[in-house]
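Coordinate analysis (summary)
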Amino acid sequence: MISKQAHSSVPPQPVPPLLQTLQRYLTALEPLLPPDELQHTRKIVQKFGCPGGLGEKLQPELIKRAKHSHNWISDWWVQWAYLECRQPLAVHSNPAISLPKRDFTDWRGQLVFASKLIAGVLDFKAQVDSGKLALEYMRGQPLCMELFPQLFSSCRIPGPKHDHVVHYGRPRRGPAHITVVRNYQFFQLDVYNSDGTPLTESQIHAQLLRIRSQSWKTDKQPMGILTSEHRHTWGQAYTRLLRDKINKESVRLIEKSIFTLCLDSPVMRISDEKYSSRMAAQILHGGGTFSNSGNRWFDKTLQFVVGEDGSWGLLYEHATAEGPPISTLLDHVLEYCKKPDRVRAPLIPLPMPKKLYFYINSEIKWDLEMAKQNLDILINDLDIKCFNFQRFGKEFVKQLKLSPNSFIQVAIQLAYYRVHSEVCAACDIASLRMFRGGRTDYIRSPTNQMLSFIRAFDDDDAREAKVQLLREAVDAYSILTEQSLMGQGIDRHLLGLKLQAIEEGLSLPRIFMDTAYGLATHWKLRTGQVPTNTDSVMCFGPLAPDGYAVCYNPQQDHVHFSVTAFNCCEETNAEKLALTLERSLRDLQELFQPTV
């Protein structure tokens, strides 16, 4: 386990002052609302925050909650944002990380690399379990390390009204197996010897060869696809599935496993230009019911995907995992993969990996048919465009003495404005790991400064004026980022006030019934920076049906982007936004380096 000292070195998450949050909320609404609507909302907000107002009654309860709980908002947030959300986990919730292609092109290379990958993850888990994982810091402050042990042997369980998460990982007597999926068939693979030592790479490789020899044919029924359903539907199917003893045992073994390894079949060869988009889609949803979607168990916290063509990545379930701990895990695995395997395999015969069986009656067969149809509709509806912007990266922006993340955010807003002739409610993710049990808050854009810059940019104004406006927009966004990282963001606080009112059985305060609140939380732009030490690209689906998700990974001299949108919405177009974003980044560069 992570050492106790790691927990105690991190302070509890503060509850921001009420009037500060309300003032910042109004400021955030200014670029989004016409003056008359803003005036209407201002009155509602003032009434909520005034002496004797409802906000003043709810705020002390939050402060009391903060004193008596591990973290005053995280459990509420996980419950509200994830476990009560009924949309499918595939596309809508689980983020995928696609990593640079490995240098193999057949099943032999696939199994050699998969063996190394498994050994690398177990090596990381050993560090977590023994408390030897190095404490992480941000801006000189220690970070909360609590999420790391929860990554392993955990799974989300569907329910009729809301889901819950189970953790089976106890450091001494936790599960000793992983799940391996190939050709829609699930196997229990024990990865520790009887003395508790992990299997060597060559032992794991021998076991993966045995799994391959047992899974030549593709299973007719891709059981994993059930986990891609609408949560309510899957919750009902789950109850039916577990009535049978064999099914119950198989499902429990998947749920308890340390993590899942998906050995994917090769996919259709395509042009290099489209390769990164196709690979991101493969990791995210498996490519459909005729491809590798049956090789997923979307409820599982960690799923590593290794394809026969050298593609690989990771899909994770969001209720338990966040981007930064996942990046730490991946960096460790990549470093591990560079080392040669020097461990001699002991000459002990290993038990055969156990195939997990399912008994499928007519009801479950019907559930599966519906799940297949719905997943294919969802996959066909999702448009993914990944690209590598190579004109500049973090280094260029730092030389301008600007924040790379804020600079990219301005470019994204400019691109959105150019495509849609308006700005929209947009959220970027700030990690709250500086606090005990902290998860995330939103950094909101656009700001007034960003709107001023965007409107001026395509006019014929003087270059110096535009540079000044850009600097102001970047600085304003950097200040918002700082506020969120310090636990002074507005969105989790507003959510806490709303949930506190519900918990007390009060009627919902008018501030949350106001159309402005609806507009301000209809995230047409969901963005996320996932900085890693590698050329990986993360992707996830939009939060709103008429929105986009833009993810980016800035490297020193280039930036990886993924843009997603839904085809069913006529207004949005992932490719158009991606091309406009490329142009916007070039235009911003030329502000500082005008071509003669």
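No experiment lies behind these values; they were computed from the predicted model shown.

What about the pairing of strand E10 (residues 312-316)?
The buried fraction of E10 is high, at five of five residues. The two faces of E10 match: Trp 312, Leu 314 and Tyr 316 on one face and Gly 313 and Leu 315 on the other face are all buried. With four bridges joining them, strand E1 (residues 96-99) and E10 adopt antiparallel strand pairing. By the bridge assignment, Ser 98 is partnered in E10 with Gly 313. Relative to E10, strand E9 (residues 302-307) is paired through five bridges, and the arrangement is antiparallel. Directly across from Val 306, in E10, lies its bridge partner Trp 312. Here E9 folds back onto E10, and the loop between the two strands holds four residues, one of which, Gly 310, carries a positive phi near 95 degrees.

Quick word on the sheet that holds strand E17 (residues 548-554)
Taken in spatial order, the six strands line up as E12-E18-E17-E15-E13-E14 in an open sheet, and their pairing is mixed. Looking along the sheet, the strands with just one partner apiece sit at the ends: strand E12 (382-389) and strand E14 (440-445). Put simply, the sheet's adjacent strands are angled 20 degrees from each other on average, direction ignored. One ladder, built from eight bridges, connects E12 with strand E18 (residues 559-566); its direction is antiparallel. When the bridges of E18 are listed, Lys 385 appears paired with Val 563. Set on the sheet, helix H17 (residues 463-485) makes contact with strand E13 (426-431) and E14; between it and E14 the angle comes to about 160 degrees.

Digging into the domain arrangement of the protein
As far as domains go, the protein holds domain 1 (18-69 + 390-591) and domain 2 (92-383). Taken over C-alpha atoms, the centre of domain 1 sits 32 Å from the centre of domain 2. Contacts between the two partners involve 33 residues from domain 1 and, on the opposite side, 37 residues from domain 2. Buried surface at the junction of domain 1 and domain 2, summed over both partners, amounts to about 2800 Å²; 55% is from carbon and sulfur atoms. Ranking the residues of domain 1 by area buried against domain 2 places Arg 433, Met 434 and Arg 439 at the top, with a combined share of 28%. Here Arg 433 makes a salt bridge to Glu 136, at a shortest N to O gap of 2.7 Å.

Looking at the packing of aromatic side chains
With the rule as written, the count across this model stands at 23 aromatic pairs. Between Phe 387 and Phe 561 the ring centres are 5.0 Å apart and the planes differ by 15 degrees, which places this aromatic pair in the stacked class. Note that Phe 387 is positioned in strand E12 and Phe 561 in strand E18, a separation of 174 residues in sequence. In this structure Phe 387 comes out as buried when scored by relative accessible area, which is 9%. Measuring from ring centre to ring centre gives 6.0 Å for Phe 392 and Phe 407, while their planes differ by 80 degrees; the resulting arrangement is edge-to-face. Residue Phe 392 is found in the loop between E12 and helix H14 (394-399), and its partner Phe 407 is found in helix H15 (residues 404-420); the two are separated by 15 residues along the sequence. Of the two residues, Phe 392 and Phe 407, neither departs from the other in class, the shared state being buried. Members of the aromatic cluster, each reached through a chain of ring pairs, are Trp 77, Trp 80, Tyr 82, Tyr 442 and Trp 523. Of note, Arg 492 hangs over the ring of Trp 77, and the distance from its end group to the ring centre comes to 3.5 Å.

How each quantity is defined
- Residues numbered from 1 in each chain as written.
- Predicted model: local features only at pLDDT ≥ 70, side-chain atom pairs only at ≥ 80, totals over all residues.
- Heavy atoms only, no water.
- Buried < 20%, exposed > 50% of the residue type's maximum accessible area, 1.4 Å probe, protein only.
- Helix = DSSP H or I, 4+ residues; strand = E, 2+ residues; numbered from the N terminus.
- Pairing = 2+ DSSP bridges.
- Axes fitted to C-alpha atoms, helices over the stretch in contact; angles between N-to-C directions.
- Contact = heavy atoms within 4.5 Å.
- Domains from an automatic or database assignment.
- Buried area = accessible area lost by both parts, 1.4 Å probe.
- Salt bridge = Lys/Arg side-chain N within 4 Å of Asp/Glu carboxyl O.
- Phe/Tyr/Trp six-rings, centres within 6.5 Å; stacked < 30°, edge-to-face > 60°.
- Lys NZ or Arg CZ within 6 Å of the ring centre and 35° of its normal.

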